[in-house]
Amino acid sequence: MKRTTKTRGIVAAEPPSIDPLEEFDPVSSSEENSPHKNDDANEGTFIIQDINLQPREYDEDSSDEEDIRNTIGNIPMNWYDEYPHIGYDLDGKKLMKPKQGDKLDDFLRRMEDPDFWKTVKDRQTGQNVVLSDKDVDLIGRIQSANVPDPSFDEYAPWIDWFSSEVMDTPLRAMPPSKASFLPSKIEKMKISKIVHAIKMGWIKPPQKPSTEKKFYMLWDSDDKADSIRRIHNHIPAPKTRLPGNAESYNPPSEYLLDDEELRDWEAKSDEPWKRRYNFIPQKFNSLREVPAYQNYIKERFERCLDLYLCPRAKKMRLTIKAEELVPQLPSPKDLQPFPTVLAVEYKGHTDMIRSISMELHGQFFASGSDDGTVKSKKYIYIYIVFVNTMENICLTCYFLVWEVATGRCVKTFKLGETVRWVEWCPNKSLSLVAVAVDSDVVIINPGVGDKFIVEKTDTLLAEPPELSNFISNERMVVAAQWEPFDQEKWDLGIRVMIRHFKPVRQVTWHGRGDYFSVVMPDGLNRSVIIHQLSTRRSQFPLNRSKGLIQCVLFHPIRPYFFIATQLHVRIYDLVKQEMVKKLMTSSKWISSLAIHPGGDNVIVGTYDKKVVWFDLDLSTKPYQTLRFHGNAVRSVAFHKRYPLFASGSDDCSLIVSHGMVYNDLLQNPLLVPVKKLRGHEKFNDFGILSVMWHNMQPWVFSSGADSTIKLYT
Amino acid sequence: MGKIKKKFESGEGSLYLTRKQALRKLQLSLKMFRRLCILKGIYPREPKNRKRAQHGSTEKKTLYLKKDIQFLLHEPIVWKLREHKVYLRKKGRAKALRDYDGLKRIMDNKPTYSLDHIVKERYPTFVDAVRDLDDCLTLSFLFSTFPSMRFVPGGVSALCRRLTLEFLHYVIEARVLRKVFVSIKGYYYQADIKGQTITWIMSHNFGFQPQSPDEVDFRIMATFVEFYSTLLGFINFRLYHGANICYPPKLTAVNSGTENEKLGALTEDEFMEERIASLNQTIIRIQEDNPDGAVEVDEFPAGEDNEKLAEQRKELDRVNRLKNLFNGLKVFLNREVPRESLAFCIRAFGGTVSWDSGLFAGATFNQFDETITHQITDRNMQSTEQTQYLSRYYIQPQWVFDSINSATLLPVENYFQGAVLPPHISPFVVEREGDYVPPEKRKFLDMEKGIVTTGEVFTTEEQKTTEPEIVKTKKSKKGSKVESEPVPMAVERGMAEVVDLMKQKDDETKEEYRLRVMMIRNKHKRLYRRMMESRKRRNKEAEKMVKKRKKVAP
């Protein structure tokens, strides 16, 4: 349509000589489908030829929509790619796709057909159409941006329809209106309004706002603040660090970097924040020689970045000296007596001494060790060593002479296997030592001291009590068996022997000396057994053990029983048969346990270097945790009379501390370390294995892996 | 059953917003947000527990206090920033359409904002503002040296120059300068204003050095300066009024008529500006205050704080002495010395100063004035064929700075022209116990305390070092005896063992202390160890410095 109208416009000057049919041709723009123009090809219409010479397509001389035999409409033709047909004709019959040649055909056609270059494919019918010369020309003109119609004359003379010449008589004979002569009233009103506003000073001529800032008295007083909304919890930015001597233009020469420091400075170019200075100190002879500082602007910029990007927080800074952190404690001098010097060194053992125990009167002590001898067979001894008593203390002040003078081994017992523990019976009228030998517990009469007591003990143990009315259960029979009387052993000094099913780690006596308890860490639920010497009976205090049991302890006064597992210490009431307390040690592995003779305070030594003090009246949490050892704590001990306790550790140090417990319940115990004693040597990473106090004197014994026992007085 | 408590709805998890969340909440672009933060003084916060504050995430995010962001929400400048965005869009459009009339109109109506209320809001009291003056002054001094650049329009650097000069005039008039230090980075000045110690840096006087855009973003600095110039203006205004000086500064009189004739192409304003920039003329005061300025401190009867009071008094005396340090001195500056800093320093302590009139405006007397007491030179003038006067000292500029820092007029001998200068010591360093003190400073400190040490500087250290030597000789003597000859069999008379009671006591106290150290509470153990380590490190460093000093200057 567009095309036809254009044509009409152009030729409007001339009398139209157009076929009326053409003028009303509705589809003249779809040139391919106007085959009727074949007739007047010379008139500039289109020639369309079918290369396949399918006459059906051009049979009818019409270009109406109806003539399009494919009725599928304007749809993407690739929808029919899969089908043999390409659409439907008016009768609803399938229009089959024309035969498509293969590539070879295509190539041949390209070679042979001279019209190949102007052949296009009609997608609706699938047929090849050769464009007419006119079409080709048209496309060429469009491509080169020319007017598509070759007949259009761009440079035709201008037809001046409306002339600039004034005609003598007007075309319209209407007189001009009056308003066209008079000034506009409405405009006048508007203008007078503006004039009035200007006169009144309402409207001012545009003025450039002064760019200069005006300053005035912003704050009324120096230090009074108005209450307005402000930033919440403001943290002022810290000031920049003030320069030191190194930044001077003429610093003392020691501030200049030497070669090594300079190398270090340059090596840190990747991590400049680790440098000591962010510049290289320089020395100039005069101020005139100082150059511009290269990084000045950059440093100012970094400060700006810090101000608005750095997260701020308030940090408390301590202004105290290190000395002020050290607690104020009473001077050790005021807390005397306590052991200070090595008095006696007991040599004789050839292997590590695992355990020592003191007789009640403080005259003898027993020690057990695993001695390897020349025969490379393990011989186990008990040394009964005569302790220097009060009478000869004056002689023993110098440890050089002790060996000759006092450190005498009174008795030795050969037991054949590793002695893990020795414990002297706390009953004054009995002369007995309980010894843990591998999986046996042996009760020995050492035969030292008061002869009367020694004999009385022997007579007491000579005949075993009647066991007729007691039937022990099977669990117990497996776990522990009292050995019958054996003359051979009796001669060796062994009075009673109990065989256990697992190695025994610890033996501990009840205060009266009748009961004693045995710990076998591998025994699972049967780890702890309490034996009664007088009736030769045994019992399990626990049905189930809550962890790996390390050691046990009888309360000195009340019927309580302490069981230390790896992590906790449980306190059981033996009468009520229930747990009373559970002490939280907050350590990983308990090694040893000791109770204050008053019965209200317990110290626990642990393998993670701690000594933990519990005040049972206070809490089940530690009253104080002392971390003064450098290695695992193996043994702790309380003195029976003096307010002293000691701890021995694998770092070969024995620390004696003052541990005062007050009768006043409101006052907490006072713990002060008073002496660090060193003397033992390390052997196979073991230091001190056992610590013991003298029963009467403020003396402490320690046995170590270096096979010596040391007495400090 | 109570209401189910959701995680992070209260407590630390609800206190913070990340930067992204803040941007969303404020509906601002990052650029605008940055500008707003700089102007309003909002900064990220370090949470007590980062994981909790970030709702469980552990990566490091920039966290702002939620309250701060809510505070920003009500800021009128936010709307101005949005208007500015629209303005830029309109301007760009008009430019693209070549609608120059429209462009002019749009540019005339450029939205502007004032920062006055922000200054008031950020600094509740005047003293607060003065306390925060350090960065403001340093940056303003830097910008005053800038040429006009893309993000630094010329007006900004001119404004900075004007404000900083005003500030310097105040420092001169109020005599509040306390310390000066010439470093390789620039001049550090410290003043005491309203009881606040303020330190600022002025770079050495050189031309602008272009910076790589990767390293320095002038836009950010310009935003800071935008705020700082407002702040400094208000502070100057109040300082001037507090000191009874009229603001903006006016000079007493344009003295010489000859100068006026030289005006030439300069306008009156430009002429005045140059005079002000010369820092060499007093400013008109609104009313004269008492010439001493200092208020007499009343004598208090000796009480418990007597010592403290005496110390305060001593400090006050020192300051009073310092204020009038250069009174009566007439100093002439040679052209090779930094004019501005020296003129400022000399005038801030009561001296009179001048320079060659061709060097800069504002010279008050010339080189041939017979009354000049000091002439500051940095070149050896003996080589040049200039007349030298016997009536004046020719000294190097460091004399001025060192004299100020020591609050006395130092002997000029060490600073004569051509002399090797003594080191320039930083007046800001306060040594802690165990720190290294350069011998020059120790000498000075001792002098101040009244201890006179003549000659050797290392005396104390030498004593220390000699002690072990004696011990060594003793030992060697013993050794030589043993080695010398097999001693003939004889019984020597036994000697009673000499017990060094002092040493014993010392050992005892040491052991006692060690035992107490064992009982340090677990909470403090690490802290104690760290403190001791740092003390040890400092001692080591001091030792190293002593060693270096000996090596360099034996």
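Residues numbered from 1 in each chain as written. Chains lettered and ligands numbered in written order. Predicted model: local features only at pLDDT ≥ 70, side-chain atom pairs only at ≥ 80, totals over all residues. Heavy atoms only, no water.

Further remarks concern the overall build of chain A. Across its full length, chain A carries eleven helices and 36 strands. Relative to its full complement of 713 residues, chain A shows a buried share of 41%. In chain A, of all internal contacts separated by at least 6 residues, the share reaching a separation of at least 24 is 50%. Surface accessibility of chain A: about 42600 Å² in total, with carbon and sulfur atoms responsible for 54%. (Helix = DSSP H or I, 4+ residues; strand = E, 2+ residues; numbered from the N terminus. Buried < 20%, exposed > 50% of the residue type's maximum accessible area, 1.4 Å probe, protein only. Contact = heavy atoms within 4.5 Å. Areas by Shrake-Rupley, 256 points an atom, 1.4 Å probe, with all protein chains shown as cover.)

Attention shifts here to the overall build of chain B. Summing up its helical and strand segments, chain B has 20 helices and nine strands in all. For chain B, long-range pairs separated by at least 24 residues make up 61% of all intrachain contacts whose partners lie at least 6 apart in sequence. With the model as given, the accessible surface of chain B reaches about 32800 Å², and the carbon-plus-sulfur share is 53%.

Another aspect to go through is a positive patch on the surface. A cluster of like positive charges, contributed by B:Lys85, B:Arg89, B:Lys90 and B:Arg105, occupies part of the molecular surface. Counting residues per element, the positive patch draws most heavily on helix α5 (residues 76-97) of chain B, which supplies three residues. (Patch = residues over 30% accessible without salt bridge, like charges linked within 9 Å, V, L, I, M, F, W, Y side chains within 5 Å. Salt bridge = Lys/Arg side-chain N within 4 Å of Asp/Glu carboxyl O. Lys, Arg positive; Asp, Glu negative; His and termini not counted. Charge placed at Lys NZ, Arg CZ, Asp CG, Glu CD.)

Once that is clear, we can look at unusual backbone geometry. Only a minority of non-glycine residues have a phi that is not negative, and only a minority of peptide bonds are not trans. Of note, the amide linkage connecting A:Gln336 to A:Pro337 takes the cis form, showing an omega dihedral of 10°. One can find A:Pro337 in the loop between α7 (296-309) and β6 (342-346). The peptide bond linking B:Tyr247 to B:Pro248 adopts the cis configuration, its omega dihedral lying at -5°. Within the fold, B:Pro248 resides in the loop between α11 (218-242) and α12 (257-262). One non-glycine residue, A:Leu524, lies in the positive phi region at around 50°. Within the secondary structure, A:Leu524 is located in the loop between β19 (515-519) and β20 (528-532). Located in the positive-phi region is B:Phe8, a residue other than glycine, with phi close to 60°. You can see B:Phe8 is positioned in the segment before β1 (16-18).

A few words now on the sheet that holds strand β33 (residues 670-678) of chain A. Residues and elements named next belong to chain A. With respect to topology, four strands assemble into an open sheet ordered β30-β31-β32-β33, the strand pairing being antiparallel. The open sheet terminates on both sides in strands that have one partner only, identified here as β30 (633-638) and β33. When strand polarity is set aside, the average angle formed by the axes of neighbouring strands in this sheet is 20°. The pairing of strand β31 (residues 644-649) with strand β32 (residues 653-660) spans five bridges and is classified as antiparallel. Bridge pairing links Ala646 to Val656 in β32. (Pairing = 2+ DSSP bridges. Axes fitted to C-alpha atoms, helices over the stretch in contact; angles between N-to-C directions.)

When pLDDT drops low, the exact placement of atoms in the prediction is not to be read closely. Residues and elements named next belong to chain A. Summarising the model, chain A shows a mean pLDDT of 81, and 84% of its residues fall at 70 or more. Residue range residues 62-66 is modelled with pLDDT below 50. Its contacts to residues more than four positions away, or to other chains, number eight contacts. With pLDDT under 50 throughout, residues 372-405 is counted as low confidence; its partners more than four residues away or in other chains account for 99 contacts. (pLDDT = per-residue confidence, 0-100.)

A grouping of A:Ile194, A:Ile198, A:Met200, A:Trp202 and A:Ile203 is seen on the molecular surface, where their side chains present a nonpolar patch of about 540 Å² in accessible area. Along the chain, A:Trp202 turns up in the loop between α5 (185-200) and α6 (259-267).

Moving on, we come to the confidence of the model for chain B. Overall, the prediction assigns chain B a mean pLDDT of 86, with 87% of residues at 70 or greater. Contacts from residues 453-483 of chain B, a stretch scored under 50 in pLDDT, to residues over four places away or in other chains number ten contacts.

Evaluated as defined, the whole model comprises 43 salt bridges over all chains. Among the salt bridges present, the one from B:Lys40 reaches B:Glu121, with a minimum N-O distance of 2.6 Å. Within this pair, whereas B:Lys40 is found in helix α2 (residues 30-40), its partner B:Glu121 is found in helix α7 (residues 116-122), the two being separated by 81 residues in sequence. With a shortest N-O distance of 3.6 Å, B:Asp217 and B:Arg219 are connected by a salt bridge. Through salt bridges that share partners, A:Asp222, B:Lys194 and B:Arg238 make up one connected network.

What follows is about the pairing of strand β6 (residues 330-333) of chain B. Residues and elements named next belong to chain B. Bridging between β6 and strand β7 (residues 352-355) involves four bridges; their strand directions are parallel. Each bridged residue has a counterpart across the sheet, and for Val331 the counterpart in β7 is Val353. In terms of handedness, the path from β6 via helix α15 (residues 339-348) over to β7 forms a crossover that is right-handed. Note that β6 and strand β8 (residues 374-376) share three bridges and pair parallel. By the bridge assignment, Val331 is partnered in β8 with His374. (Right-handed = clockwise from strand over helix to strand, strands pointing away.)

The next thing to look at is the packing of aromatic side chains. All chains considered together, the criterion is met by 39 aromatic pairs over all chains. Ring geometry for A:Trp589 against A:Tyr607: centres 6.0 Å apart, planes inclined by 85°, an arrangement best described as edge-to-face. Here A:Trp589 is found in the loop between β25 (578-584) and β26 (590-595), whereas its partner A:Tyr607 is found in the loop between β27 (601-606) and β28 (611-615), with 18 residues between them in sequence. A ring pair is formed by A:Trp613 and A:Phe645, whose centres lie 5.3 Å apart and whose planes are at 55°; its orientation type is tilted. Within this pair, whereas A:Trp613 is found in strand β28, its partner A:Phe645 is found in strand β31, the two being separated by 32 residues in sequence. Across the pair, A:Phe645 and A:Trp613 agree in class, each one buried. An aromatic cluster is defined as three or more aromatic residues linked by ring pairs; in this entry it consists of B:Phe141, B:Phe167, B:Tyr187, B:Tyr189, B:Trp200, B:Phe344 and B:Phe401. (Phe/Tyr/Trp six-rings, centres within 6.5 Å; stacked < 30°, edge-to-face > 60°.)

Residues and elements named next belong to chain A. Across the sheet, which stays open at both edges, the five strands sit in the order β13-β14-β15-β17-β16 with antiparallel pairing between neighbours. Strand pairing shows two members of the sheet lacking a second neighbour, β13 (419-424) and β16 (480-482), which therefore form its edges. Within the sheet, the average angular offset between the axes of one strand and its neighbour, ignoring direction, is 20°. Pairing geometry for β13 and strand β14 (residues 433-437), over five bridges, is antiparallel. Bridging across to β14, Glu423 finds its partner in Ala434.

Frequently, the measure chosen for interface size is the accessible area removed from exposure when the parts meet. Counting residues at the interface gives 119 residues for chain B and 96 residues for chain A. Summing the contributions of chain B and of chain A, the shared interface buries around 9500 Å²; its carbon and sulfur component is 61%. The largest share of the area that chain B buries against chain A comes from B:Ile184, B:Lys185 and B:Met519, three residues that together contribute 9% of it. The tally of links between chain B and chain A comes to 15 salt bridges. Here B:Lys120 ties to A:Asp226 by a salt bridge, and the two come within 2.8 Å at their closest N and O atoms. At 15 residues, α11(B) tops the list of elements feeding residues into the side of chain B that touches chain A. (Buried area = accessible area lost by both parts, 1.4 Å probe.)

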